[in-house]
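Topology and contacts: notes
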Amino acid sequence: MPRTKPQPSSKISDPRIGVALGSGSARGLSLIPYLEAINELGLEPAVIAGSSIGAWVGSGWAAGMSGQEIREHSIEVLGSVRAISSRLWAAKIRGFREMFKSGFPVQFDAERVLNSFQPAQLPETFGELKIPLYVVATDFQSWHQLVFHTGPLLKALAGSIAIPSLFTPVKYGDNLLVDGGVVNPLPLDVVSNWGADIIIALDVNGNPGELEPGRIPGAINIGFGSAQIMTSALINNSLAAYPPDVYTRTPVAEFGGFDYLRVREIFAASDARKDEFKRDVSKAIERFIASRQKSV
């Protein structure tokens with residue numbers, strides 16, 4: 001989809017910050033404390049791009065929610081079995097309990113699932129968002145990424161989170177959408193092409209060698225881990241092509257792809273890194289201001 005670059009800022013002290021939010025299923029919840037950290041520095045992104053759960057987290061931020069509000073909403077809807085079950089039951093979605101026991105017995109409707117967990121603040125269209133948001137999805141038919149910035153928000157988000165085999169692909173016009181992380185797990189190209197002055201990349205893919213000695217993962221985690229290996233190669237290529245000013249790999253070593261019930265633990269792990277991240281962002285802004293002053 002066409003993108004219009006903004007005009008350069010006339011204020012040296014006012015850099016346009018672009019934030020790329022990566023894919024990673026439940027591990028993507030680790031992004032939220034970093035959004036809080038940016039807010040706590042008194043900053044607001046000029047543009048947000050996200051793949052999969054990064055798009056879901058980013059949509060709340062783009063709608064005007066603070067990082068703290070997104071944290072509270074996530075705990076409300078994911079913080080207990082009862083919270084999750086009641087929402088799925090209300091939406092007449094069955095089979096999640098069996099999925100965690102035996103794999104993927106059925107595929108789920110991504111739009112219905114997403115609609116059950118989205119915050120009330122989320123508008124119907126991209127045009128109603130307060131911050132520009134770019135949502136990355138994969139077209140299963142052409143094998144290319146699609147970047148959505150206009151039109152219905154929920155359908156684009158549903159396509160972006162539609163993990164293959166877990167969710168039925170999302171029909172969007174002539175396209176058949178699956179998880180954005182399949183082609184672009186860390187959309188640095190999007191924020192770079194938009195024209196951001198400072199690019200922050202938040203990677204939730206994790207690291208190799210995180211298995212406990214002697215432990216053989218189950219079928220779901222084997223699939224998730226194999227996807228991580230492929231995702232790592234894509235992220236490395238993206239980092240080389242579009243080097244960010246701040247790059248953070250969130251601490252997700254002990255969490256699996258479907259550990260949504262561990263939301264509080266995931267937040268605690270990221271909370272421990274917030275101060276370090278704030279220092280990195282502050283240094284990037286200082287470098288930007290110094291470089292602009294030299295050019296004036």
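Up top is the structure.
In short, a report on the structure. (Residues numbered from 1 in each chain as written. Predicted model: local features only at pLDDT ≥ 70, side-chain atom pairs only at ≥ 80, totals over all residues. Heavy atoms only, no water.)

**A look at the overall build of the protein**
Summing up its helical and strand segments, the protein has eleven helices and ten strands in all. Split into buried and exposed, the 296 residues of the protein put 51% on the buried side. Put simply, of all contacts in the protein between residues at least 6 apart along the chain, 76% involve residues at least 24 apart. Total accessible area on the protein is roughly 13900 Å²; 54% of this is exposed by carbon and sulfur atoms. (Helix = DSSP H or I, 4+ residues; strand = E, 2+ residues; numbered from the N terminus. Buried < 20%, exposed > 50% of the residue type's maximum accessible area, 1.4 Å probe, protein only. Contact = heavy atoms within 4.5 Å. Areas by Shrake-Rupley, 256 points an atom, 1.4 Å probe, with all protein chains shown as cover.)

**Remarks on the packing of aromatic side chains**
Taken as a whole, this structure holds two aromatic pairs when the rule is applied. Both rings, one in tyrosine 34 and one in phenylalanine 277, keep their centres 5.0 Å apart while their planes meet at 85°; by these two values the pair is edge-to-face. With tyrosine 34 in helix H1 (residues 32-40) and phenylalanine 277 in helix H11 (residues 274-295), the pair connects residues that are 243 residues apart, well separated along the chain. Phenylalanine 277 gets classed as buried once you look at its relative accessible area, which sits at 2%. Across from the ring centre of phenylalanine 267, 4.9 Å away, lies the NZ or CZ of arginine 71, which sits over that ring. (Phe/Tyr/Trp six-rings, centres within 6.5 Å; stacked < 30°, edge-to-face > 60°. Lys NZ or Arg CZ within 6 Å of the ring centre and 35° of its normal.)

**Section: the pattern of salt bridges**
Scanning the entire structure with this criterion turns up eleven salt bridges. A salt bridge links glutamate 40 to lysine 278, with the shortest nitrogen-to-oxygen separation between them at 2.6 Å. Of this pair, glutamate 40 sits in helix H1 while lysine 278 is found in helix H11, placing the two residues 238 residues apart along the sequence. Judged by relative accessible area, which is 46%, glutamate 40 ranks as partly exposed. Residue lysine 278 is classed as buried on the basis of its relative accessible area, which comes to 19%. For the salt bridge of aspartate 203 with arginine 249, the shortest nitrogen-to-oxygen distance reads 3.3 Å. In this pair, aspartate 203 sits in strand E9 (residues 198-203) while arginine 249 sits in strand E10 (residues 246-249), placing the two residues 46 residues apart along the sequence. With relative accessibility at 23%, the residue arginine 249 sits in the partly exposed group. A single network of salt bridges, built from pairs that share partners, joins Glu36, Glu40, Arg71, Asp271, Lys274 and Lys278. (Salt bridge = Lys/Arg side-chain N within 4 Å of Asp/Glu carboxyl O.)

**A few points about the pairing of strand E8 (residues 175-178)**
In terms of strand pairing, strand E4 (residues 133-139) meets E8 through two bridges, oriented antiparallel. Paired with aspartate 139 across the strands is leucine 177, a residue of E8. Where strand E7 (residues 170-172) lies against E8, three bridges are found, and the strand directions are antiparallel. Its bridge partner lying in E8, valine 170 is registered against leucine 177. Counted between consecutive antiparallel strands, the loop separating E7 from E8 contains two residues, among which glycine 173 sits at a positive phi close to 60°. (Pairing = 2+ DSSP bridges.)

**Focus on the packing of H1 against helix H3 (residues 67-78)**
Where H1 meets H3, the closest approach of the two axes is 7 Å, and the angle between their N-to-C directions is 155°. Overall, the two elements H1 and H3 adopt an arrangement that is roughly antiparallel. Contact with H1, carried on its side by Ile32, Pro33, Leu35, Glu36 and Asn39, involves Gly67, Gln68, Ile70, Arg71 and Ser74 of H3 and no other residues of that element. Partitioning the contact of H1 with H3 into residue classes produces four nonpolar, four polar and two charged. (Axes fitted to C-alpha atoms, helices over the stretch in contact; angles between N-to-C directions. Parallel < 35°, antiparallel > 145°, perpendicular 65-115°, else oblique. Nonpolar A, V, L, I, M, F, W, Y, C, P; charged D, E, K, R; others polar.)

**Re the nonpolar core**
In terms of nonpolar packing, the biggest core is built from 64 residues, with Ile200, Leu202 and Phe277 touching the most fellow members. With six residues, helix H2 (residues 53-62) is the single largest residue contributor to this core. Sequence-distant contacts of leucine 202, that is, excluding residues within four places in its chain, are made with Val19, Ala20, Leu21, Gly22, Leu31, Tyr34, Leu35, Leu186, Thr248 and Phe277. One finds Ala46, Ala49, Leu186 and Leu239 within the second-largest nonpolar core, a separate group that totals 17 residues. (Core = buried A, V, L, I, M, F, W, Y, C linked by side-chain atoms within 4.5 Å.)

**Re the side chain of arginine 27**
Here arginine 27 lies in the loop between strand E1 (17-21) and H1. We classify arginine 27 as buried; its relative accessible area is 4%. Polar side-chain contacts of arginine 27 include one of 3.1 Å to the backbone oxygen of asparagine 205. Only 2.7 Å separates the side chain of arginine 27 from the backbone oxygen of phenylalanine 255, close enough to count as a polar contact. (Polar contact = N/O pair within 3.5 Å; in protein donor to acceptor, adjacent residues only side chain to side chain.)

**Looking at helix H6 (residues 110-117)**
Residues Ala110, Val113, Leu114, Ser116 and Phe117 constitute the buried set of H6. One side of H6 carries all its buried residues, which in axial view fall inside an arc of 155°. Here H6 starts with a cap whose side-chain oxygen sits 2.9 Å from the backbone nitrogen of glutamate 111, and that cap is aspartate 109. (Arc of directions from axis to C-beta.)

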